[in-house]
Each structure stands twice: as C-alpha cells, then as structure tokens.
Amino acid sequence: MTERSVEHAGFTIQRRYGAAPERVFAAWADPDAKGRWLAGPEEWEVGPHELDFREGGSEVGSGGPKGGPVHGYRAIYWEVVPNERIVYTYELLIDEVRISVSLVTVELERDGGGTRLTLTEHGAFFDGLEDPDLRRDGTGSLLDALARELEREP
C-alpha cells in the first residue's frame, strides 16, 4: 500500500494594480479575460475553460506543458461581492490525480486610483505531490499575468 499524507499550508499575497476595483473584479468575472490570465506559462498548451462566475457557480480549466502532464482546475464560488470580495474552493489535478484542495479569499480595496488585491489561500496538499511554496510562487505568477491583462485596452 502507498503511504498517504496531507500537508496543510497557507499563504497571503498582495498586489497593487493601477486599475480601479471594478476593472480588477471584471477581469475575474469575464470568461475571456480570466481565460487569458489563468492560462499558465506562455509555453503551455491550454485546454477548454468554462466560467460560471456567481455564488454557487463553477469554473473548470486545464492546460500544461506540451506532451503533458495535464493540470486540471475545478472551482466552486461560495461568495461573490462585486468589486470587493471573492471566496472560492478549488481542486488541482495532475493527469486526473488530485494533488490539493484549497480555500481562497480575494479581497479588493480601492487604493487611490488603483486597487490593492489581497489573496489568501489555505490548502491541503496530498501525498507530497506538490510543494506549497511552489503553489505560492505559481499563484504569484498568475497575479502577475492578471497585471498584464489589466494593462490591455479595456
């Protein structure tokens, strides 16, 4: 029998964007915008992305390096407060093997003419399949991709 384990870890990341909270929120809510910045590294192949952005709604996406493995993402939205807060849970899979389940809170605060975003994630990481520090770094890269999305023409 394979040894099973779970590691609990959490992190908080803050970013400041030059766009108003309404614009930052819209980048989470709009399926096309979210699909662009959630896609992962440029060299990754991107699978289908579905977003039903509302309380009780879900999000499904996949992608990964050419030739695999496939990284799958499935989320459920629990609280959506326009322009202020998003709370969701998600599972991350690699080739259909669940490697973690997380609870995420995204808070948006007006900061002058821009937005201060605070993302807090609490995760259960399974069987040593992912290092929580790598998750934090990957999430930071996605928030950097969000910054690039916000620099696009509205």
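Residues numbered from 1 in each chain as written. Predicted model: local features only at pLDDT ≥ 70, side-chain atom pairs only at ≥ 80, totals over all residues. Heavy atoms only, no water.

Time to look at the environment of Phe11. Looking at the element boundaries, Phe11 is found in strand β1 (residues 6–17). Residues Phe11 and Gly47 lie 36 residues apart in sequence; the distance between their C-alpha atoms is 27 Å. Not counting the four nearest positions on each side in its chain, Phe11 is found in contact with Leu119, Thr120, Glu121, Arg135, Arg136 and Thr139. (Helix = DSSP H or I, 4+ residues; strand = E, 2+ residues; numbered from the N terminus. Contact = heavy atoms within 4.5 Å.)

As enumerated under the stated definition, the model contains 17 salt bridges in all. With a shortest N-O distance of 2.5 Å, Glu91 and Arg98 are connected by a salt bridge. Glu91 gets classed as buried once you look at its relative accessible area, which sits at 14%. Linking Arg116 and Asp111 is a salt bridge whose minimum nitrogen-to-oxygen distance equals 3.4 Å. (Salt bridge = Lys/Arg side-chain N within 4 Å of Asp/Glu carboxyl O. Buried < 20%, exposed > 50% of the residue type's maximum accessible area, 1.4 Å probe, protein only.)

Take it as geometry only, folks, not as evidence of what the structure does.
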